[in-house]
Amino acid sequence: MRIVIAGGSGLIGRDLTRSLLEDGHTVLWLTRNPRLSDRAVIAATPPAERTTLSPSGSGASLPGPIPVSWLAADARPEDELERYAPLDAAVNLAGTTIDGRWTPAKKRHILESRLRATDALLELLERLPAEARPRILISASAVEARLPVPPEAETGPTEAVLRERGLSFLAAVTRRWETAAGRAEALGLRTVFARFGVVFAREGGAFPRLVLPYRLFAGGPIAGGRAWVSWVHIADVVGLIRLALEDDTVAGPLHITAPNPATMEAIGRAVAARLRRPHWLPVPAFALRLALGEMSDLLIRGHRVLPEEALARGYAFRFPTVETALQDLLSPSPAGSGTPA
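Quick caveat, the model's predicted, so the values are computed rather than measured. (Residues numbered from 1 in each chain as written. Predicted model: local features only at pLDDT ≥ 70, side-chain atom pairs only at ≥ 80, totals over all residues. Heavy atoms only, no water.)

K.L.:
Even after reading the chapter, I still don't get the overall build of the protein, so can you show me in this structure?
P.N.:
Scanning the protein from terminus to terminus reveals 14 helices and 11 strands. Expressed as a percentage of the 341 residues in the protein, the buried residues total 55%. For the protein, the exposed area adds up to about 14,800 Å²; of that, 56% sits on carbon and sulfur atoms. (Helix = DSSP H or I, 4+ residues; strand = E, 2+ residues; numbered from the N terminus. Buried < 20%, exposed > 50% of the residue type's maximum accessible area, 1.4 Å probe, protein only. Areas by Shrake-Rupley, 256 points an atom, 1.4 Å probe, with all protein chains shown as cover.)

K.L.:
Looking at this structure, how should I read the nonpolar core?
P.N.:
A general trend in soluble globular proteins is that nonpolar side chains are found buried together. If you look at the biggest cluster of nonpolar residues, it comprises 36 residues, and the most contacted ones within it are Ile5, Ile138, Phe196, Val237, Ile241 and Ile256. Those elements that provide at least two residues to this core are strand E1 (2-6), helix H1 (11-22), strand E2 (26-31), strand E4 (89-92), strand E5 (136-142), strand E6 (190-196), helix H9 (234-246) and strand E10 (252-256). A per-element tally of this core places H9 first, with eight residues. Ignoring sequence-local partners within four residues, the contact set of isoleucine 138 consists of Ala90, Val91, Asn92, Val192, Ala194, Ile241, Ala244 and Leu245. (Core = buried A, V, L, I, M, F, W, Y, C linked by side-chain atoms within 4.5 Å. Contact = heavy atoms within 4.5 Å.)

K.L.:
Could you clarify how one ought to interpret the side chain of arginine 195 in this entry?
P.N.:
Inspection of the secondary structure assignment puts arginine 195 in strand E6. Residues contacting arginine 195, with those up to four places away along its chain left out, are Ser141, Ala142, Val143, Ala145, Arg146, Glu178, Pro253, Leu254, His255 and Ile256.

K.L.:
Would you take a moment to explain the sheet that holds E10 for this structure?
P.N.:
Strand pairing in a sheet relies on backbone hydrogen bonds, with the paired strands running either antiparallel or parallel. Read across the open sheet, the seven strands follow the order E3-E2-E1-E4-E5-E6-E10; overall the sheet is parallel. A strand with exactly one partner marks an edge of an open sheet, and here the two such strands are strand E3 (66-69) and E10. The mean inter-strand angle of the sheet, taken between neighbouring strand axes irrespective of direction, is 25 degrees. Judged from the five bridges that link them, E6 and E10 form a sheet pairing that is parallel. Within E10, the position partnered with phenylalanine 193 by the bridge is proline 253. Together, E2, E4 and E5 form the strand contacts of helix H4 (residues 104-127), whose direction differs from that of E4 by roughly 165 degrees. (Pairing = 2+ DSSP bridges. Axes fitted to C-alpha atoms, helices over the stretch in contact; angles between N-to-C directions.)

K.L.:
Just to check I follow, could you spell out the confidence of the model for the protein for this structure?
P.N.:
The predicted structure's coordinates, where accompanied by low pLDDT, should not be read in detail. Mean pLDDT for the protein: 90, with 89% of residues reaching 70 or above. Every residue in residues 42-62 scores below 50 in pLDDT, and together they form 34 contacts with partners more than four places removed in sequence or on other chains. For the stretch residues 334-341, pLDDT sits under 50, and the model shows 21 contacts to residues farther than four places along the chain or on other chains. (pLDDT = per-residue confidence, 0-100.)

K.L.:
So what exactly am I meant to see when it comes to the packing of helix H10 (residues 264-275) against helix H14 (residues 322-329) here?
P.N.:
Working note: a packed helix pair is described by the angle between its axes plus the distance between those axes. Close contact between H10 and H14 brings their axes to 10 Å; oriented N to C, the two are set at 40 degrees. Regarding the angle of H10 to H14, the classification is oblique. Considering only the axes of H10 and H14, their crossing is right-handed. Note on element contacts: H14 touches H10 through Val322, Glu323, Leu326 and Gln327, opposite Ile267, Ala270, Val271 and Arg274. Broken down by class, the residue content of the contact of H10 with H14 amounts to five nonpolar, one polar and two charged. (Parallel < 35°, antiparallel > 145°, perpendicular 65-115°, else oblique. Left-handed = near helix turned anticlockwise from the far one by under 90°. Nonpolar A, V, L, I, M, F, W, Y, C, P; charged D, E, K, R; others polar.)

K.L.:
Honestly, the side chain of aspartate 236 in this entry has me stumped. Any pointers?
P.N.:
Within the secondary structure, aspartate 236 sits in helix H9. Although aspartate 236 is buried, it makes no salt bridge; arginine 318 carries the closest opposite charge, 5.9 Å away. Within the structure, aspartate 236 has its side chain in polar contact with the backbone nitrogen of phenylalanine 319 (distance 3.0 Å). Ignoring sequence-local partners within four residues, the contact set of aspartate 236 consists of Tyr315, Ala316, Phe317, Arg318 and Phe319. (Lys, Arg positive; Asp, Glu negative; His and termini not counted. Salt bridge = Lys/Arg side-chain N within 4 Å of Asp/Glu carboxyl O. Polar contact = N/O pair within 3.5 Å; in protein donor to acceptor, adjacent residues only side chain to side chain.)

K.L.:
Mind showing me how you'd approach the pattern of salt bridges here?
P.N.:
The tally for this structure, following the rule as stated, stands at 21 salt bridges. Two residues, arginine 83 and glutamate 80, come together in a salt bridge whose shortest N-O distance is 2.9 Å. Of this pair, arginine 83 and glutamate 80 are both found in helix H3 (residues 77-83), three residues apart, which corresponds to roughly one turn of the helix. With its nearest N and O atoms 2.8 Å apart, the salt bridge here joins aspartate 297 to arginine 301.

K.L.:
Whenever I open this one, the environment of aspartate 23 confuses me. Can you help?
P.N.:
Checked against the element boundaries, aspartate 23 lands in the loop between H1 and E2. With relative accessibility at 44%, the residue aspartate 23 sits in the partly exposed group. Distance in space between the C-alpha atoms of aspartate 23 and methionine 1 is 9.7 Å, their sequence separation being 22 residues. Within the local environment of aspartate 23, its side chain forms a polar contact with the side chain of arginine 242, the two groups lying 2.8 Å apart.

Set out below in structure tokens:
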């Protein structure tokens with residue numbers, strides 16, 4: 001397959017790219033900085049020879065993903081993509097991180113970065129000849145898209161989204177994001193909304209920050225520990241995206257979570273047991289709100305989501321429980337272990 005990825009240098013994009021390259025697929029990264037693809041693949045990919053298709057299909061060897069410049073004044077990514085036509089799939093992972101305190105400026109950037117990247121990707125695909133376009137668009141979202149959203153936040157002006165707080169804000173962002181991506185259906189693309197849970201990975205995201213207090217002997221219940229966490233190991237994130245790429249029956253929402261969500265208390269105790277550390281120092285809800293503001297809702301409230309679409313298709317999770325995930329992520333292992341082949 002020939003797959004175009006926007007946001008390929010991020011946590012999920014790197015592991016997805018590695019998996020696809022290892023299976024001989026061609027990966028094209030839409031990027032503002034073409035040099036980034038070399039650095040990211042060197043950092044994320046084991047030293048193994050990669051072979052991807054040349055534009056002519058001759059099978060010439062190319063190292064890592066193929067960078068395609070976009071979102072620059074002089075960029076013409078459609079010309080580059082046409083050289084690799086016909087394309088098979090596009091994956092949209094672009095958008096600024098939600099980490100950090102959600103100031104008004106941060107909230108606006110969270111929303112607008114996702115909408116701008118999605119609009120730019122769809123405009124790019126629309127400029128391609130119909131025979132060159134991919135057959136599927138997988139667009140990132142989050143499990144919060146399941147939550148109820150006030151009508152004005154879903155269809156009103158941007159300010160209506162920004163007025164929402166905590167989980168309601170994130171739900172409104174994801175619903176707007178999915179609406180924007182849904183325009184791909186008018187281009188004849190099978191459209192999948194990859195609703196990610198909390199991704200557990202060694203290299204970044206929430207997991208290293210969750211584990212750090214325990215490494216420092218300062219771990220304990222967070223806001224009482226009752227909030228549910230719909231978590232997922234990075235290996236299964238990649239596996240489920242590949243399920244969507246390869247199974248033509250997958251369309252619409254695809255909930256990318258493990259089949260056994262857990263409470264903050266259960267996760268904390270499992271981390272403590274794995275690291276042989278105490279689980280003793282509580283972090284009250286008011287302290288989280290002082291430190292994180294609205295983002296603290298993700299740790300205080302949470303919600304429980306199951307991967308209904310994956311289970312219905314018989315997907316075999318590599319890491320179905322918190323214990324199996326921690327055994328992989330917290331065990332000494334060679335570089336590259338715990339990520340999908």
